[in-house]
Amino acid sequence: MATFVLVHGAWSGAHDFRRVRRPLQDAGHEVFTPSLTGVGERVHLASPQVGLTTHIADVVNCIRYEDLHDIVLLGFSYGGCVITGALQYIADRVQHLVYLDAFVPADGEAAGIPGGLSSPRITDLGESWLLPPPLRTFEDPEVGAWATARRTPQPLGTFTEPVHLPRPLEDYPFTRTYIKATGEPRPEPAGPFWTAADRVATSPDWRYREIPTNHMIPSNRPDELAALLLELT
């Protein structure tokens, strides 16, 4: 049986995967959904000191303290930066790496301030170190209302701190998959998720899959996502 570690995206929490966990567990697999500090159910720990390194430690410590090996490690959206940065510590424990409509950063790259949001000025006081969540659309309004009520501001440093990757992803012995959301028109310019998808779609070093919905795949298509993940086991 496989061991899945699913890392959620920005402004959210482990509850991103609440409807994905069950079908994986029902198939007999172990599923871990670490929560990232300062967002979601750990929003009470938010501070200006929380950065990408903090979130990498959240995931690495989950894997190390649970003593997980041969894992399927998935990063959703911003979570792609987190799982990439985690590789310098736990690459030998990864069997398969999955990017779910996610950033695939190279060494030295950061997620950056998402389009449509303004970076607070360094001279601002108060909560200038927090970025509010952008509006998201969901296929099911009831699911959307539930998820939107749980979206929280996120510390700025998580978007601006660069990823450190010792060597290119393709040089690691584990296998790799990119899953792209294709239910919305392709933007111009393409943006980081389409740019990543374009790069890997025809690469012999990657598997490439698509799900015809918008970016919020775990909420919109949990069963379809779980079925794709089961293909990897």
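What comes next concerns the included structure. (Residues numbered from 1 in each chain as written. Predicted model: local features only at pLDDT ≥ 70, side-chain atom pairs only at ≥ 80, totals over all residues. Heavy atoms only, no water.)

A few words now on the packing of helix α1 (residues 18-26) against helix α8 (residues 222-231). Across the interface, α1 lies against α8 with an axial gap of 9 Å and an inter-helix angle of 45°. In this view, α1 runs oblique relative to α8, as classed from their interaxial angle. The handedness of the crossing between α1 and α8 comes out as right-handed. The segment α1 lies against α8, with R19, V20, P23 and L24 engaging P222, D223, L225, A226, L229 and L230. Its residues assigned to classes, the contact of α1 with α8 comprises eight nonpolar, no polar and two charged. (Axes fitted to C-alpha atoms, helices over the stretch in contact; angles between N-to-C directions. Helix = DSSP H or I, 4+ residues; strand = E, 2+ residues; numbered from the N terminus. Parallel < 35°, antiparallel > 145°, perpendicular 65-115°, else oblique. Left-handed = near helix turned anticlockwise from the far one by under 90°. Contact = heavy atoms within 4.5 Å. Nonpolar A, V, L, I, M, F, W, Y, C, P; charged D, E, K, R; others polar.)

Inspection of the secondary structure puts K180 in strand β7 (residues 175-181). Note on K180: relative accessible area 3%, which makes it buried. Sequence-wise, K180 and W194 are 14 residues apart; in three dimensions their C-alpha atoms are separated by 7.7 Å. Excluding residues within four positions of it along the chain, K180 makes contact with D101, F193, W194, A197, Y208, R209, E210, I211 and I217. (Buried < 20%, exposed > 50% of the residue type's maximum accessible area, 1.4 Å probe, protein only.)

Scanning the entire structure with this criterion turns up five aromatic pairs. Relative to F159, the ring of Y78 lies with its centre 5.7 Å away and its plane at 55°, an arrangement referred to as tilted. Of this pair, Y78 sits in the loop between β3 (71-76) and α3 (79-90) while F159 sits in helix α5 (residues 157-160), and the two are 81 residues apart along the sequence. F159 carries the same exposure label as Y78, and that label is buried. A centroid spacing of 5.0 Å and a plane angle of 75° characterise the contact between F103 and F193, whose relative ring orientation is edge-to-face. (Phe/Tyr/Trp six-rings, centres within 6.5 Å; stacked < 30°, edge-to-face > 60°.)

The next thing to look at is the sheet that holds strand β1 (residues 3-7). Within the open sheet, the six strands sit side by side as β2-β1-β3-β4-β7-β8. Their pairing is parallel. With partners counted over all chains shown, the strands left at the sheet margins are β2 (30-32) and β8 (207-211), one partner each. The mean angle between the axes of side-by-side strands here comes to 20°, regardless of whether they run parallel or antiparallel. Where β1 meets β2, three bridges bridge the pair, whose relative direction is parallel. Paired with V5 across the bridge in β2 is F32. Taken strand by strand, helix α6 (residues 191-200) contacts β7 and β8, and its axis lies near 130° from that of β7. Packing against the sheet, α8 makes contact with β1, β3, β4 (94-100), β7 and β8, and its axis sits at approximately 165° to β8. (Pairing = 2+ DSSP bridges.)

Two residues of an α-helix separated by three or four positions point the same way, owing to the 3.6 residues in each turn. Every buried residue of α8 is listed here: P222, L225, A226, L228 and L229. Buried residues in α8, looked at end-on, bunch into an arc of 160°, giving them a common side. (Arc of directions from axis to C-beta.)

We now examine the packing of helix α2 (residues 52-65) against α3. Two numbers describe how α2 lies on α3: the axes approach to 9 Å, and their chain directions differ by 55°. Taken together, α2 and α3 sit at an angle that is classed as oblique. Relative to α3, the crossing made by α2 is right-handed. Each of L52, H55, I56, V59, V60, I63 and R64 in α2 lies in contact with α3, whose residues at this interface are C81, V82, G85, A86, Y89 and I90. Its residues placed into classes, the contact of α2 with α3 shows ten nonpolar, two polar and one charged.

Note the cis peptide between E188 and P189, where omega equals 0°. Within the fold, P189 resides in the loop between β7 and α6. The backbone of D67 shows a phi angle near 55°, a positive value even though the residue is not glycine. Within the element layout of this structure, D67 appears in the loop between α2 and β3. With phi around 60°, S77 is a residue other than glycine that occupies positive phi space.

Glancing now at the pattern of salt bridges. Taken as a whole and assessed by the stated rule, the structure comprises nine salt bridges. When the shortest N-O distance is used, the salt bridge between E188 and R186 registers 4.0 Å. Here E188 falls in the exposed class, since its relative accessible area comes to 69%. For R186, a relative accessible area of 37% puts it in the partly exposed group. For R209, the salt bridge identified is with E231, shortest N-O distance 3.6 Å. Here the residue R209 occupies a position in strand β8, and E231 occupies one in helix α8, the gap between them amounting to 22 residues. Residue classification places R209 among the partly exposed positions, given a relative accessible area of 31%. Among the ionic contacts, a cluster of salt bridges with common partners joins E139, R221 and E224. (Salt bridge = Lys/Arg side-chain N within 4 Å of Asp/Glu carboxyl O.)

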